[in-house]
Amino acid sequence: MSGTAIIHDATLTPTKLELLAGWLPKQPWFAGRADDLERVAGYRFVDPDGEVGIDTLLVRSAGVTYQVPLTYRSEPLAEAADHLIGTMEHSELGTRYTYDALGDPVYTVELLRVIHEGDTEAELSRGEKTMTVLGSGVVPVSNAAGEMMRVIRVLDGAHVPTNRPPLGTLTGYWTDADGEQEQTLVILR
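Parameters at a glance
- Residues numbered from 1 in each chain as written.
- Predicted model: local features only at pLDDT ≥ 70, side-chain atom pairs only at ≥ 80, totals over all residues.
- Heavy atoms only, no water.
- Pairing = 2+ DSSP bridges.
- Helix = DSSP H or I, 4+ residues; strand = E, 2+ residues; numbered from the N terminus.
- Contact = heavy atoms within 4.5 Å.
- Axes fitted to C-alpha atoms, helices over the stretch in contact; angles between N-to-C directions.
- Core = buried A, V, L, I, M, F, W, Y, C linked by side-chain atoms within 4.5 Å.
- Buried < 20%, exposed > 50% of the residue type's maximum accessible area, 1.4 Å probe, protein only.
- Expected span 1.5 Å × (residues − 1).
- Arc of directions from axis to C-beta.
- Polar contact = N/O pair within 3.5 Å; in protein donor to acceptor, adjacent residues only side chain to side chain.

## Section: the sheet that holds strand S4 (residues 53–61)
The strand order across the open sheet built from six strands is S2-S6-S7-S5-S4-S3, with neighbouring strands paired in antiparallel fashion. Of all strands in the sheet, those bounded by a partner on one side alone are strand S2 (12–13) and strand S3 (38–46). Sitting on the sheet, helix H1 (residues 16–23) is in contact with S2, S3, S4, strand S5 (64–73), strand S6 (84–90) and strand S7 (94–100), with an inclination near 160° to S6. The strands that helix H2 (residues 105–117) touches are S3, S4 and S5; relative to S3, the one it contacts most, it runs at about 85°.

## Observations regarding the environment of Gly118
Relative to the elements of secondary structure, Gly118 occurs in the loop between H2 and strand S8 (123–124). Taking C-alpha positions, Gly118 is 3.9 Å from Gly137, a pair spaced 19 residues apart along the chain. If we skip the residues at most four places from it in the chain, Gly118 touches Leu134, Gly135, Ser136 and Gly137.

## Notes on the nonpolar core
Counting 24 residues, the largest nonpolar core has Phe45, Leu111, Met131, Leu170, Trp174 and Leu185 as its most contacted members. Elements with a contribution of two residues or more to this core: S3, S4, H2, strand S9 (131–135), strand S11 (168–176) and strand S12 (179–188). Excluding residues within four positions of it along the chain, Leu111 makes contact with Phe45, Met149, Val151, Leu170 and Val186. If you look at the next biggest cluster of nonpolar residues, it comprises 15 residues, including Leu19, Tyr66, Val68 and Leu70.

## Here's the deal with the pairing of S5
Of all 10 residues in S5, nine are buried; the element is thus mostly enclosed. Sheet topology note: the S4/S5 ladder contains nine bridges and is antiparallel. Counterpart to Val59 in the pairing with S5 is Tyr66. Hairpin connection, S4 to S5: the antiparallel pair is bridged by two residues, and Ala62 has positive phi, about 50°.

## Some words on the pairing of S3
Where S3 meets S4, eight bridges bridge the pair, whose relative direction is antiparallel. Each bridged residue has a counterpart across the sheet, and for Glu38 the counterpart in S4 is Arg60. Linkage of S3 to S4, two consecutive antiparallel strands, is achieved through a turn of six residues, within which Gly50 is found at a positive phi near 70°.

## A few points about the sheet that holds S11
Spatially, the four strands line up as an open sheet ordered S9-S11-S12-S10, and their pairing is antiparallel. Taken across any chain shown, the strands that pair with only one partner, and hence form the sheet edges, are S9 and strand S10 (149–151). Strand-to-strand twist of the sheet, defined as the mean angle between neighbouring strand axes without regard to direction, takes the value 25°. The pairing of S10 with S12 spans three bridges and is classified as antiparallel. Note on S12: the bridge partner recorded for Val151 is Val186.

## Topic: H2
When the terminal C-alpha atoms of H2 are compared, their 18 Å separation across 13 residues agrees well with the 18 Å that a helix rising 1.5 Å per residue should span. Among the residues making up H2, those that are buried are Tyr107, Glu110, Leu111, Val114 and Ile115. Around the axis of H2, the buried residues are gathered within 135° of arc, so they sit on the same side. For H2, exposure combined with an orientation more than 90 degrees from the buried face picks out Val109 and Glu117. Put simply, Asp104 is the residue that caps the front of H2, since its side-chain oxygen is 3.0 Å from the backbone nitrogen of Val106. Once H2 finishes, Gly118 follows within two positions and takes phi at roughly 65°, a positive value.

Following this line, the structure appears as structure tokens:
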């Protein structure tokens, strides 16, 4: 297990969905509409240093589910300026700089660890989990020159490459209006 994520009883201004409504329509992989975003599920990881919030939302728009990994920081991350989604005011923690987590090294390191170790999402200090994830585990390969990771953004089953077997995966499980779901969320090659 990836530790326990501390969930505050807090107000966010703007909300996560409001922040995403301004950002998602600008993304080339998003074909939905900002005015019909709904949260489907989500999972969290924990930064071992306790500094960065790591949260992945599954949102639906126009009948398609999208995976949106986010990180939250108390200070701007200069090397991820291109990945800044915006800021939120958190009633307990103050200003939170919200990033597309693919540009945040804390997310990348923790995601790779979860996949490599066959780990799961974090427990929550309060509230109920809306989904679970499971890393496949990775057997070390002595001749591996490097690993490439692909986060699947559009969860429609058609965006998972099948041209060669992956080195590892992160699989998600949740229930939505269409029933029980199982999807590959991340592929490691």
